[in-house]
Every structure is written in structure tokens, then in C-alpha cells.
Amino acid sequence: MNQPHSMDHRRLTHARRHARRLVMQALYQWQLTGYHPKDILAQFKEDPEMEKADWEYFRMILLGVTEQVKAVDALVEPHLDRPMEQVDPVERAILRLSTYELQHCPDVPYKVAISEAVALAKKFGAEQGHRFVNGVIDKVAAQVAIR
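One structure accompanies this document, and this report is about it. (Residues numbered from 1 in each chain as written. Predicted model: local features only at pLDDT ≥ 70, side-chain atom pairs only at ≥ 80, totals over all residues. Heavy atoms only, no water.)

## Overview of the overall build of the protein chain
On a plain count of helices and strands, the protein chain comes out with seven helices and zero strands. Secondary structure of the protein chain in N-to-C order comes out as α-α-α-α-α-α-α. Relative to the compact-globule value of 15 Å for 147 residues, the protein chain shows a C-alpha radius of gyration of 15 Å, a close match. Over its C-alpha atoms, taken along the principal directions, the protein chain stretches across nearly 50 × 35 × 30 Å. Taking as baseline every contact in the protein chain between residues at least 6 positions apart, the subset at least 24 positions apart corresponds to 70%. (Helix = DSSP H or I, 4+ residues; strand = E, 2+ residues; numbered from the N terminus. Rg over C-alpha atoms; globule rule 2.2 N^0.38 Å. Contact = heavy atoms within 4.5 Å.)

## Re the nonpolar core
Leu27, Phe58, Ile61, Leu80, Ile94, Leu95 and Val133 are the most contacted members of the largest nonpolar core, which totals 47 residues. Among the elements of the structure, helix H1 (3-33), helix H2 (37-45), helix H3 (55-67), helix H4 (69-76), helix H5 (89-104), helix H6 (110-124) and helix H7 (129-144) are those that each provide at least two residues to this core. (Core = buried A, V, L, I, M, F, W, Y, C linked by side-chain atoms within 4.5 Å. Buried < 20%, exposed > 50% of the residue type's maximum accessible area, 1.4 Å probe, protein only.)

## Considerations on the layout of surface pockets
Rolled over the atoms, a probe as big as a water molecule pinpoints where empty space is left. In this structure, the largest pocket spans a volume of roughly 180 Å³. Of all the secondary-structure elements, those providing two or more residues to the lining of the largest pocket are H1 and H6. Per-element tally for the lining of the largest pocket: the top contributor is H1, with six residues. Tallied by class, residues from the lining of the largest pocket come to four nonpolar, two polar and five charged. (1 Å grid on protein atoms, 1.4 Å probe; cavity = no way out; pocket = protein on both sides within 12 Å on 5 of 7 lines; lining within 4 Å. Points joined across faces, edges and corners; volume = space filled by probe spheres on them. Nonpolar A, V, L, I, M, F, W, Y, C, P; charged D, E, K, R; others polar.)

## As for H2
All of the buried residues along H2 are Pro37, Ile40, Leu41 and Phe44. End-on, the buried residues of H2 take up no more than an arc of 105 degrees, which puts them together on one face. (Arc of directions from axis to C-beta.)

## So, the pattern of salt bridges
Tallied over the entire structure, the rule returns eleven salt bridges. Residue arginine 96 pairs with glutamate 85 through a salt bridge whose shortest N-O separation is 3.5 Å. Separated by eleven residues along the polypeptide, arginine 96 in helix H5 and glutamate 85 in the loop between H4 and H5 bring together distant segments of the chain. Glutamate 85 gets classed as exposed once you look at its relative accessible area, which sits at 55%. If you follow the salt bridges from partner to partner, you end up with Arg17, Arg20, Glu101 and Glu116 in one network. (Salt bridge = Lys/Arg side-chain N within 4 Å of Asp/Glu carboxyl O.)

## Details of the side chain of arginine 20
Position of arginine 20 among the secondary structure elements: in helix H1. Residues in contact with arginine 20, not counting those within four places in the same chain, are Tyr57, Leu97, Glu101, Val108, Val112, Glu116 and Leu120.

Okay, structure coming up:
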């Protein structure tokens, strides 16, 4: 009886994981190029990888972070040992994505947001970047999320 639900849940989890990876890449591009988020959206919509991703989730996170970047950064910066602009661009994108998710996606458990951020940092960040991301996002989660 639970089989269809668990399949749907797995499909959603997988699609969101892909969306997070693509959002991280889109935010990285936005940070480095300053391109308008809507242009980045159009570019990513054509990406074959988007077929595996949750498009609406991707769109919501990308536009949310870029529209509210000052508020997102204000939540992160007290937990940094340097200014946000000096954080590695990949890790900065991950911190922004995860912080936005913690604040605006109540359906995502804080532990999932943290573990997804750490997984992205392990795969794409600097050698010890995942430890940095984990420490910062854990503090943001304590500040933002209801445990």
C-alpha cells in the first residue's frame, strides 16, 4: 500500500537533489557574471539535466535567493570568519541556497537542508569546504529553523 507514496517521495527527493545542484551552479554563474536571473533561468531551462530536476523548485530557489540576497547574506554573515564576498564562490552559492531553503521551505527538514549542503560542498567545493559549510549552515539552522 505504501509503495506508490514511497516511489513518489523518492522521485521528489531525487528531483530536488538535482534542482539543488543546478541552483548551486546557477547561483555560481550569477555571482561571477552578474547576469540577470531570468536570463540564467532561460539558459538552465534548456539544459538536458533539468529533465531530472524539479523545475519549479529550481526556479523558486534561484529567484528567491537572487531577489533576497541581502537578507540571506545577513543571516549567514554573523557565522562567518570573513566577509561573504571572500567566501569561495561555490561555497557562497551553497550557503545562500541552503539558508534560503531553511528560511522559506518549511517542507524541507533542516537536517535535509544541512546534509544536502554538505554533499554539494564535498562534491564541488574546496577540499575542506564541506566542514566550513556544515559549521555555518548548522548555526544558521539553529537561528532560523524550528528543530
